Amino acid sequence: DQDIECVDMIYPINVSVYDPIYQKATIQGVTSDEEFYYLLTNRIDGDIVGFDFPITVLNSSGVNESIADNDALANVILADLNSCDEGDEKFGLGTGSELGKLKLFMTDAPYPIDSIESAYVRITEILMKYESGDARDFVLTDSIMVINIFELRNGVTETLTDTLINPGTVSGFSLIIDSAVINLKDGRAFDLKVPSGAQSGVKVKLSSDLEIIADEEVNVLLDFDLSKSFVPKGNDNNPNGINGFNFKPVLRAINLAEAGLITGQIFDASDNQTIEGVTITLNDSDGEFYASTFSEVSGSYALMGIDPGTYTLVIEKEGYILQEQSVTIIAQETLTADFELVID
């Protein structure tokens, strides 16, 4: 329900949010039912939310009541629950809701250097921008997430948010990233400077307009290009030659309803054993790079969030003959492309 009608808050009100882990309290001004709803649904688990009393409410009889504490507020709500019928249908997707659901996932284009152990980013907030309307960014979540994006490859994803939001056209997202760390297999760790991610956020553009429709679910994939985002300093062909990294986050957003998926497995033609570390590159119809990945120990690979169209798959590994195959991607369909490599 977009509007709480049985008991109406008289805005503005102040709401206190207390974090028991860090023992820190913040006060947020709320000016509408919608803001109050999202404050509650997007709060971090364990946070304690309370009103800055006194507040004023309009009850179902049309009378303003001054509320001094939680007990008084509970009494008003319970009394009106028994007498108020505003005619709204029960809230929830599939039951007449006026909201749509947005699920946001993250994956990454893998990094080719074998010496990398992990690549962590700390996301403190995810914002969304509507194409029109309020100039402010909408907060999808302010839950702190520390994600090893090095693990998000070949079809593995991390759920960032699962949120009910207002219908409308979404023009893009911003990720507030305040820190990043690269760990090498030799034990060295590099804390990286985030150029603007902790202030204005890392901007993520959509490949096409994203429409949020009431009572429908939209799934969006954020593809974090690891190889372009973490640029090594020194000689990346030799682990000892790496003396640091520049962090320049590169992401793209894809509506999964409009994208396809490529999966497959790579084998050695001589013994039918799977091959790890094969480079799988996807080039568009103009021969330009589109996406890439590397095969796992099992020989399997996956390329997610591919726009419909015709592409060329290039399969290559040192010591084997390079192979190419033309593929056509269809929205919401999975294409399987296995390869047997011949020793050069």
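The structure presented is a predicted model; accordingly, all values stated were derived computationally and were not measured.

J.: Looking at this model, I keep getting lost on the sheet that holds strand 24 (residues 323-329). Mind explaining?
T.: Sheets are built from strands paired through backbone hydrogen bonds, the pairs being either parallel or antiparallel. An order of 21-20-23-24 is seen for the 4 strands of this open sheet, with the pairing classed as antiparallel. In this open sheet, the two strands that pair with only one neighbour each are strand 21 (289-294) and strand 24. Neighbour-to-neighbour, the strand axes of the sheet open up by a mean angle of 25°, direction not taken into account. Pairing between strand 20 (residues 279-283) and strand 21: 5 bridges, direction antiparallel. Bridge pairing in strand 21 links Asn-283 to Phe-289.

J.: What should I look at first to understand the side chain of Asp-268 in this one?
T.: Inspection of the secondary structure puts Asp-268 in strand 19 (residues 260-268). Despite its burial, Asp-268 remains without a salt bridge, the nearest opposite charge being carried by Lys-317 at 9.9 Å. Within the structure, the side chain of Asp-268 is placed 2.5 Å from the side chain of Ser-270, a separation counted as a polar contact. Excluding residues that lie within four positions of it along the chain, Asp-268 makes contacts with Gln-273, Ile-275, Tyr-320, Leu-341 and Ile-343.

J.: In this structure, what is going on with the packing of aromatic side chains? I would like to understand it.
T.: In this description, a pair of aromatic rings is defined by centroid distance and the angle of the planes. The tally for this structure, following the rule as stated, stands at 5 aromatic pairs. Between Phe-36 and Phe-51 the ring centres are 5.5 Å apart and the planes differ by 45°, which places this aromatic pair in the tilted class. Residue Phe-36 is located in helix 1 (residues 33-41), and its partner Phe-51 is located in strand 4 (residues 48-51); the two are separated by 15 residues in the primary sequence. Classification of Phe-51 as buried rests on a relative accessible area of 17%. Relative to Phe-53, the ring of Phe-51 has its centre 5.7 Å away and its plane inclined at 55°; by these criteria the two rings are tilted. An aromatic cluster of at least three residues, connected via ring pairs, comprises Phe-36, Phe-51 and Phe-53.

Analysis parameters
- Residues numbered from 1 in each chain as written.
- Predicted model: local features only at pLDDT ≥ 70, side-chain atom pairs only at ≥ 80, totals over all residues.
- Heavy atoms only, no water.
- Pairing = 2+ DSSP bridges.
- Helix = DSSP H or I, 4+ residues; strand = E, 2+ residues; numbered from the N terminus.
- Axes fitted to C-alpha atoms, helices over the stretch in contact; angles between N-to-C directions.
- Buried < 20%, exposed > 50% of the residue type's maximum accessible area, 1.4 Å probe, protein only.
- Lys, Arg positive; Asp, Glu negative; His and termini not counted.
- Salt bridge = Lys/Arg side-chain N within 4 Å of Asp/Glu carboxyl O.
- Polar contact = N/O pair within 3.5 Å; in protein donor to acceptor, adjacent residues only side chain to side chain.
- Contact = heavy atoms within 4.5 Å.
- Phe/Tyr/Trp six-rings, centres within 6.5 Å; stacked < 30°, edge-to-face > 60°.

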